[in-house]
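# Residue-level structure breakdown
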Amino acid sequence: MDELSDLVQRYTAGLIDFRGQELSEKIISKIVYSGVGLACVVGYVTQDFMIMVYGLGVVAVLILIFSLPLPIYKKNPPTWLEYTPITSSKVIIDHGDKKTTSASAKKTATKTD
Amino acid sequence: MDTFIRRSQAGFGKLTTALTFLSVFVGLLTILELKLGGVSYIGAAFDNVEPTMRWFDTRMFGAIDGNRKENARFAFDMDVDLTGLFNWNTKQVYAYVTIDYDTMSTSSGLINQNSLVIWDTIIESPDRANLTMKNARSKYSVYDIQSAFGSLNREVSISLRWNIQPRLGFLSYGVTRSKNQMKVVLPRKPRSKTRSAKRVVSQTPPVETSS
């Protein structure tokens, strides 16, 4: 059941790849800033305030559309390294690193003295 | 930014920022447009301004503790075109006729400019912004802080003021220029001694002292 909910979450979350994330941010900011500017200009030229408001509504809808996991955001899937399960116990339990750091710290301390 | 919710949240955050700047820009643009459009040169023509004075001793007309109040009502002709106040960002215009006069403050003894609204209207579309009225009656009966209003031989000037309520931005106020300098001397009206005579006897009527 837990696996199923994970699966559902994964497919409804709208996950995209890293290049896609960068692209979506660029596209959405361009839509917002140019769309708001355009709505203001069109509203002023037509001398109708409601046209500007509708234009802002269109911008809001476009934000939602371009937030969806569109295929253009999924063109560069990341290449993951192959999963190699760690079998040797030596690598997992390794306190040697901690010891060496403390020893080097002691060495530097004696040098300064 | 990996999920749909986060991307849309970031997008609407940007939209909010953009709307903040847009609202300030539109507000300033509207003020600039009104100033450049010559809004302060709109003229209003008043004619046949006829004040009527009446003494009241009810609280509704400003009479408190038996001090009678002299109220003024007006009949006037007005011709003004407020179409120029309407642009894309005007929601409605509140137009009001005021009488302006000098009054003496009872506490400091200084002379102040005072304005009283005698008539007003709300204009919601430019089609109705052309106000042409013949023999219009003032909506409100007005009185001064002093008991006597017209009996002090007071000169009042009448003018039309406006207040634009925009859809987005700042409220703006203004006065129309009177095409003919409309100054009216309020007529003298002595206090009638028929009603509430006892109260009046205790005071000195200003009409008798001044004349």
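Residues numbered from 1 in each chain as written. Chains lettered and ligands numbered in written order. Predicted model: local features only at pLDDT ≥ 70, side-chain atom pairs only at ≥ 80, totals over all residues. Heavy atoms only, no water.

## Quick look at the overall build of chain B
Note the threshold: Segments assigned H or I by DSSP are reported as helices when at least four residues long, segments assigned E as strands when at least two residues long, and all are numbered from the N terminus. Throughout this description, buried means an accessible area under 20% of the type-specific maximum (1.4 Å probe, protein chains only), exposed means over 50%, and partly exposed covers the range between. Throughout, a contact is declared for two residues whenever any of their heavy atoms are within 4.5 Å. Per-residue accessibility takes into account occlusion by the displayed protein chains alone, with areas from the Shrake-Rupley method and a 1.4 Å probe.
Scanning chain B from terminus to terminus reveals 3 helices and 9 strands. Order of helices (α) and strands (β) in chain B, N terminus to C terminus: α-β-β-β-β-β-β-β-β-β-α-α. Counting the 211 residues in chain B, one finds 45% classified as buried. Taking all contacts inside chain B whose residues are at least 6 apart in sequence as the whole, residues at least 24 apart take part in 73%. Within the structure as shown, chain B displays about 11700 Å² of accessible surface, and the carbon and sulfur contribution to it stands at 54%.

## Let's talk about the nonpolar core
Which entries qualify depends on this criterion: The set of buried Ala, Val, Leu, Ile, Met, Phe, Trp, Tyr and Cys residues whose side-chain atoms join them within 4.5 Å is what this entry labels a nonpolar core.
Formed by 38 residues in total, the largest nonpolar core has its most connected members in Phe 46, Phe 74, Phe 76, Met 78 and Leu 82 of chain B. Broken down by secondary-structure element, the contributors of at least two residues to this core are strand 1 (43-56), strand 2 (69-81), strand 3 (90-104), strand 4 (111-123), strand 5 (130-137) and strand 6 (155-166) of chain B. Ranked by size, the runner-up nonpolar core spans 16 residues in total, among them Ile 31 and Val 59 of chain A together with Ala 18 and Val 26 of chain B.

## Brief notes about helix 1 (residues 4-36) of chain B
Helical periodicity: at 3.6 residues per turn, an α-helix aligns residues three or four positions apart in one direction. The condition that has to hold: Helix span is expected to be 1.5 Å times the residue number reduced by one.
A rise of 1.5 Å per residue sets the reference length of helix 1 of chain B, with its 33 residues, at 48 Å; its end C-alpha atoms lie 47 Å apart and thus fit the reference within 8%. Among all positions of helix 1 of chain B, only Arg 7, Ser 8, Gly 11, Lys 14, Leu 15, Ala 18, Leu 22, Val 26, Gly 27, Thr 30 and Leu 34 of chain B are buried. In this structure, the buried residues of helix 1 of chain B make contact with helix 2 (18-46) and helix 3 (49-67) of chain A together with strand 6 and strand 7 (172-175) of chain B. Just downstream of helix 1 of chain B lies Gly 38 of chain B, where phi reads positive at about 70 degrees.

## Concerning the packing of aromatic side chains
Quick note on the threshold: Whether two aromatic rings pair depends on their centres lying within 6.5 Å, for rings of Phe, Tyr and Trp, where Trp uses its six-membered ring; planes under 30 degrees apart make the pair stacked, over 60 edge-to-face, and the rest tilted. Whether a charge sits over a ring comes down to the Lys NZ or Arg CZ being within 6 Å of the ring centre and within 35 degrees of the ring normal.
For the structure on display, the rule yields 7 aromatic pairs over all chains. Taking the centre distance of 5.0 Å and the plane angle of 25 degrees together, the rings of Tyr 94 of chain B and Tyr 96 of chain B count as stacked. Ring pairs connect the aromatic residues Tyr 44 and Phe 49 of chain A together with Trp 88 of chain B, which therefore count as one cluster. Lys 139 of chain B extends its terminal NZ or CZ atom over the ring of Trp 119 of chain B, reaching a point 5.9 Å from the ring centre.

## Notes on the UniProt feature "transmembrane region" (unreviewed entry) in chain A
Residue and element names in this part refer to chain A. Where we set the bar: UniProt positions are given in the numbering used here, feature names are shortened, and annotations may be inferred rather than shown by experiment.
This chain's UniProt record puts "transmembrane region" (unreviewed entry) on residues 27-45 and 51-73. The span residues 27-45 is 100% helical and 0% strand by assignment, and the distance between its end C-alpha atoms comes to 26 Å. The span residues 51-73 is 74% helical and 0% strand by assignment, and the distance between its end C-alpha atoms comes to 32 Å.

## Some details on the interface of chain A and chain B
Where interface size is given, it is often the accessible area lost as the parts come together that is meant. What counts here: As used here, buried area is the combined drop in accessible area, with a 1.4 Å probe, of two parts when they are placed together. A pairing counts as a salt bridge when a side-chain nitrogen of Lys or Arg comes within 4 Å of a carboxyl oxygen of Asp or Glu. Any pair of N or O atoms that falls within 3.5 Å is considered a polar contact. Within protein, one atom must be able to donate a hydrogen and the other to accept it, and sequence-neighbouring residues count only if both atoms are side-chain atoms. When residue character is reported, Ala, Val, Leu, Ile, Met, Phe, Trp, Tyr, Cys and Pro are called nonpolar, Asp, Glu, Lys and Arg charged, and the others, Gly included, polar.
In this complex, chain A contributes 27 residues to the contact, which on the side of chain B involves 22 residues. With both chains or domains summed, chain A and chain B bury close to 2200 Å², and 75% of this area falls on carbon and sulfur atoms. When residues of chain A are sorted by the area they lose upon contact with chain B, Tyr 44, Phe 49 and Ser 67 of chain A head the list and together hold 25% of the total. Linking chain A with chain B are 1 salt bridge. Taking the shortest distance from any N to any O, the salt bridge between Lys 14 of chain B and Glu 25 of chain A comes out at 3.3 Å. There are 6 residue pairs in polar contact (both at pLDDT 80 or more) connecting chain A and chain B. Those elements that provide at least two residues to the side of chain A that touches chain B are helix 2 and helix 3 of chain A. The greatest single-element share of the side of chain A that touches chain B, amounting to 11 residues, is contributed by helix 2 of chain A. Taken together, the residues that form the side of chain A that touches chain B break down as 18 nonpolar, 7 polar and 2 charged.

## Quick look at the side chain of Thr 176 of chain B
One can find Thr 176 of chain B in the loop between strand 7 and strand 8 (177-178). In contact with Thr 176 of chain B, other than residues within four places in its own chain, are Ile 42, Gly 43, Ala 44, Val 80, Leu 82, Leu 160 and Trp 162 of chain B.

## Topic: the packing of helix 2 of chain A against helix 1 of chain B
Using the following cut-off: For every element, the axis is a line fit to its C-alpha atoms; helices are fit only across the contacting stretch, and the angle between N-to-C directions ranges from 0 to 180 degrees. Orientation categories follow fixed angle ranges, with anything under 35 degrees roughly parallel, anything over 145 roughly antiparallel, 65 to 115 roughly perpendicular, and all other angles oblique. By definition, turning the near helix anticlockwise from the far helix through less than a right angle yields a left-handed crossing, and turning it clockwise yields a right-handed one.
In contact at an axis separation of 10 Å, helix 2 of chain A and helix 1 of chain B are set at 25 degrees when each is read in the N-to-C sense. One finds that helix 2 of chain A runs roughly parallel with respect to helix 1 of chain B. Between helix 2 of chain A and helix 1 of chain B lies a crossing whose hand is right-handed. Across the interface between the two elements, Ser 24, Glu 25, Ile 28, Ser 29, Val 32, Tyr 33, Val 36, Cys 40 and Tyr 44 of chain A of helix 2 of chain A pack against Arg 7, Gly 11, Lys 14, Leu 15, Ala 18, Leu 22, Phe 25, Val 26, Leu 29 and Glu 33 of chain B of helix 1 of chain B. Taken together, the residues that form the contact of helix 2 of chain A with helix 1 of chain B break down as 12 nonpolar, 3 polar and 4 charged.

## What to know about helix 2 of chain A
Between its first and last C-alpha atoms helix 2 of chain A spans 41 Å; for 29 residues at 1.5 Å apiece the expected length is 42 Å, and the two agree. Taken together, the buried positions of helix 2 of chain A are occupied by Gly 20, Gln 21, Ser 24, Ile 28, Ser 29, Ile 31, Val 32, Gly 35, Val 36, Ala 39, Cys 40 and Gly 43 of chain A. The secondary structure elements touched by the buried residues of helix 2 of chain A are helix 3 of chain A together with helix 1 of chain B. Of the residues flanking the start of helix 2 of chain A, the one acting as N-cap is Asp 17 of chain A, its side-chain oxygen 3.2 Å from the backbone nitrogen of Arg 19 of chain A. Just downstream of helix 2 of chain A, Gln 47 of chain A is the residue with a positive phi angle, here 55 degrees.

## As for the pairing of strand 1 of chain B
It is a general feature of regular strands that their side chains alternate between the two faces of the sheet. Residue and element names in this part refer to chain B. Note the cut-off: For two strands to be treated as a pair, DSSP must find no fewer than two bridges joining them.
Where strand 1 meets strand 8, 2 bridges bridge the pair, whose relative direction is parallel. Bridge assignment links Ala 44 to a residue of strand 8, and that residue is Ser 178. Across 11 bridges, strand 1 lies against strand 2 in antiparallel orientation. Paired with Asp 47 across the two strands is Asp 77, which belongs to strand 2.

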